[in-house]
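The lines below spell out each chain.
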Amino acid sequence: MNTPNRAADPAESENGSAGYGPWRLALRRFLRNRVAVAFLVLFFLIVAFVLAAPLWAEHVAHTGPNETHTLQKLHVNGEVREVVTPEGKPIGPQWFGADGKFFLGADSRLGRDEMVRLMYGGRTSLFIGFVSGLITTFLAVVLGLLAGYYRGWVDAVIARTLDVLWSLPVLLIGIAIGTASAIGGIGIGPLHLEGGSIWIPIFIISIFYMPYVARPIRGEVLSLGEKEFVEASIAQGAGPLRVMFGELLPNLASTIVVFFALNIANNMLFEAALSFLGAGVQPPNSSWGTMISIGEELLTTQPLLAIIPGVMIMLTVLSLNIVGDGLRDALDPRSKVRFEAKTGIAEPEGASI
Amino acid sequence: MLRFIARRLVGMVLVLFVVSLIVFLIFNVIPNSPPAQRLAGKNATPTLVKSIEEEWGFDESLPKQYVTMMKKVFTGELIQYSPRVPVDDRIKEGIPATLSLSIGAGIIWLAFGLLLGYLAAIRAGGWLDRTLTGVAVAGISIPVFLLAPVLIYFLTYKLEIFPNGGYVGWTEDPWEWLQHMILPWFTLAVLSIGFYSRVLRSNMLDVMNEDYVRTARAKGLSERKVMSRHVLRNSLIPITTLFGLDFGATIAGTAIITEVLFNIEGIGLYAAESIGKLELPPIMGITLYGAFFVVFINALVDIAYAYLDPRVRLGSTAR
């Protein structure tokens, strides 16, 4: 449906720039979308922010994400202050008052540097979102191709499996797996995951968010399979692998790119929810989700501890969602019509993803 | 219609079986530690572990273990071990709070979502329409665990408008109940309002192009009547489905987090406490009940959909 080739069709290439390939045209369309470009820049800034974690930790904060400073004193503008008061109240944001130490204050009665944790926690959150996005998309594409190409009972089995996975309450099942394997880890045949490792939430997210990507891809493969170029390829003697990866996959590329961006956003929200409830990322690792649940206990006195990681999640997810929408508009120009229907133009039948 | 219902119910039973199997695998097969040890909890004595192992028959074959587990959950024999309380009792205690939260929030998001979506559709392209697009994108990006702390901090601690968390039964004191629920309701609902208004809007724009709408206009009905009688009514059918699915998903999902954030003593808070203590029996019970509830609601939704839209049960769009 979203064949990139279609954009090169002279009837639809709106600029009359016939010499450009579909990806080039899509890039141009994307760059014209100011909002999407702005949020893409924001997303890169967030990635740069979390990648800079070791630099900040070593050269500015002089501490690690899990180092406690319970009994330490801090020199702030010539005054000496306790990192954690005897009542267990952590110090608030110091900004540059202590040369960047405790920039956002301490996280709890343990007196860990909130800024350092925010940067390292963001690494965990983004890493989980990204890696589970890769796994989810890979599984979804393989299953979608198999189901859509072979049809018949293969499709029936895959479609039913996806239906069941889809109808499960994801968060509850995630909690169940997270808690049941918190101590001993997971062992399914050759797959072994240590208890408390961040691969457990990745495993949970990858499996249970797969249907959200696999179902639309399967649908698209089913409709692509009807097209003449597939028939032509089969007539030329192409085998299943050749048809699936040589003919169908390139036509899915734009859908995959869009879903990948949106999937990372959803994964990060899910990871945060799991970690917030204590069933995702396990201590001493931190993620934005676990930071919110720690910070929430001090909401009255230090509201920023819960709010800042939340804002970080929101900004990341928002930028991914907007970039994803922008990519969809750029790669499939017809969808722009239905997103910005100014005069009540209806969605084309079956065009919604 | 009866045949459709029968077919759907058979499908539901099959899915329930598969779901119970998945839950069994999650608790008894996938994890990599002795199951009795896990069920007993963090600080269990060896005697307790031993007795649990016998009680649950962990030395027997997997099918037998499956039967034992299902029997325990559905006859209410499931108990948590520290302190020793039947899981069912705790779940029953939590039901009123959980339902108050989810139903109230559901009503709010449906009412506002439909109202705004209707207004946006009849003035497609207007300022309300464009604002709602923004709200919808923000809605899917703002997590409850950001919205709730912000609202609690400003409205509860700073302005002291709302009471600080907790739950008061509505039979005890309806006014207190309302005051305690407004903020959680709003938190849970606001994120869906944008989305629902977008869905209704796009449904209505779709329906406006249908032949029967042209017919209605041609026979001289007023624009208002065309909109409310013909366009809106037909656009509501897909919303019924969506709402059913989301309602189930909310109870078994976001409501848990909302209960924790607002300290509402419902099933979700019970689940969260059990996670903290690594206590598995409550989580086993809640997961199974929750998954069954969701599957059941999904079947009901399908049946309602078939009832509302005859095209489905007559098979033209049936799977």
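Residues numbered from 1 in each chain as written. Chains lettered and ligands numbered in written order. Predicted model: local features only at pLDDT ≥ 70, side-chain atom pairs only at ≥ 80, totals over all residues.

### Here we look at the overall build of chain A
On a plain count of helices and strands, chain A comes out with 14 helices and four strands. Considering chain A as a whole, with its 353 residues, one finds that 48% of them fall into the buried category. A fraction of 64% describes how many contacts in chain A between residues 6 or more apart in sequence connect residues 24 or more apart. (Helix = DSSP H or I, 4+ residues; strand = E, 2+ residues; numbered from the N terminus. Buried ≥ 20, exposed ≤ 12 C-beta atoms within 10 Å, placed from the backbone. Contact = placed C-beta atoms within 7 Å.)

### Quick notes on the interface of chain A and chain B
The interface of chain A with chain B comprises 49 residues on the first partner and 50 residues on the second. If you list the elements that add at least two residues to the side of chain A that touches chain B, you get helix 6 (152-167), helix 7 (170-180), strand 3 (186-188), helix 11 (240-276) and helix 13 (304-331) of chain A. Per-element tally for the side of chain A that touches chain B: the top contributor is helix 13 of chain A, with 10 residues.

### Overview of unusual backbone geometry
For the peptide bond that leads from A:Pro283 to A:Pro284, omega is 5 degrees, which places it in the cis range. The topology assignment puts A:Pro284 in the loop between helix 11 and helix 12 (288-295). Of note, the phi angle at B:Asn263 is positive, near 55 degrees, even though the residue is not glycine. One non-glycine residue with positive phi stands out, namely B:Leu278, at about 50 degrees. Relative to the assigned elements, B:Leu278 resides in the loop between helix 12 (267-276) and helix 13 (280-308). Exposure remark for B:Leu278: the 17 C-beta atoms within 10 Å place this residue in the partly exposed category.

### A closer look at the pairing of strand 1 (residues 73-76) of chain A
Residue and element names in this part refer to chain A. Here strand 1 pairs with strand 2 (residues 79-82) via four bridges, running antiparallel. The partner of Val76 across the bridge, within strand 2, is Glu79. The antiparallel hairpin formed by strand 1 and strand 2 contains two residues in its connecting segment, where Asn77 sits at a positive phi of about 45 degrees. (Pairing = 2+ DSSP bridges.)

### Some points on the nonpolar core
Residues A:Ile175, A:Ala176 and A:Leu277 are the most contacted members of the largest nonpolar core, which totals 177 residues. Ranked by residue count, the leading element in this core is helix 11 of chain A, at 17 residues. Not counting residues up to four positions away in its chain, the partners in contact with A:Ile175 are A:Leu274, A:Leu277, A:Ala279, B:Ala271, B:Ile275 and B:Ile283. (Core = buried A, V, L, I, M, F, W, Y, C linked by C-beta atoms within 7 Å.)

### Observations regarding the confidence of the model for chain A
All names here are of chain A. The share of residues in chain A with pLDDT of 70 or more is 89%, and the mean pLDDT across the chain is 86. Of all helices and strands in chain A, the one with the weakest mean pLDDT is helix 1 (residues 4-8) (46), whereas helix 3 (residues 34-51) scores best (96). This stretch, residues 1-13, has a pLDDT under 50; its non-local contacts, to residues over four places away or in other chains, come to 27 contacts. Ignoring residues within four places in sequence, the model shows residues 336-353, a span with pLDDT below 50, making 25 contacts including any to other chains. (pLDDT = per-residue confidence, 0-100.)

### Focus: helix 12 of chain B
Burial analysis of helix 12 of chain B places eight of its 10 residues in the buried class, which makes it a mostly covered element. Taken residue by residue, helix 12 of chain B has B:Ile267, B:Gly268, B:Leu269, B:Tyr270, B:Ala271, B:Ala272, B:Ser274 and B:Ile275 as its buried positions. Tucked inside the fold, the buried residues of helix 12 of chain B contact helix 7 of chain A together with helix 5 (87-122), helix 11 (254-262) and helix 13 of chain B. Where helix 12 of chain B terminates, the next one or two residues include B:Leu278, which has phi positive at roughly 50 degrees.

### Quick notes on the environment of A:Leu134
Residues and elements named next belong to chain A. Take Leu134: it is sitting in helix 5 (residues 114-150). Residue classification places Leu134 among the partly exposed residues on the basis of 15 C-beta atoms within 10 Å. Linking Leu134 and Ile264, residues 130 residues apart in sequence, is a C-alpha distance of 8.6 Å.

### Here we look at the environment of B:Ile5
Within the element layout of this structure, B:Ile5 appears in helix 1 (residues 2-29). In this structure B:Ile5 comes out as partly exposed when scored by C-beta crowding, with 15 C-beta atoms within 10 Å.

### Brief notes about the packing of helix 7 (residues 144-158) of chain B against helix 11 of chain B
Residues and elements named next belong to chain B. Interaxial distance between helix 7 and helix 11 falls to 10 Å at its minimum, and their mutual angle equals 25 degrees. In terms of axis orientation, helix 7 runs roughly parallel to helix 11. Where helix 7 crosses over helix 11, the two elements pack in a sense that is right-handed. Judged by residue contacts, Val144, Phe145 and Ala148 of helix 7 engage Thr254, Ile257, Thr258, Leu261 and Phe262 from helix 11. (Axes fitted to C-alpha atoms, helices over the stretch in contact; angles between N-to-C directions. Parallel < 35°, antiparallel > 145°, perpendicular 65-115°, else oblique. Left-handed = near helix turned anticlockwise from the far one by under 90°.)

### With respect to the packing of helix 5 of chain A against helix 13 of chain A
Residue and element names in this part refer to chain A. The geometry of helix 5 relative to helix 13 is characterised by a closest axis approach of 11 Å and an angle of 30 degrees between their N-to-C directions. Classified by the angle their axes make, helix 5 and helix 13 are roughly parallel. In this structure, helix 5 meets helix 13 at a crossing whose hand is right-handed. Note on element contacts: helix 13 touches helix 5 through Leu305, Ile308, Pro309 and Met312, opposite Glu114, Leu118, Gly121 and Gly122. Split into classes, the residues belonging to the contact of helix 5 with helix 13 amount to five nonpolar, two polar and one charged. (Nonpolar A, V, L, I, M, F, W, Y, C, P; charged D, E, K, R; others polar.)

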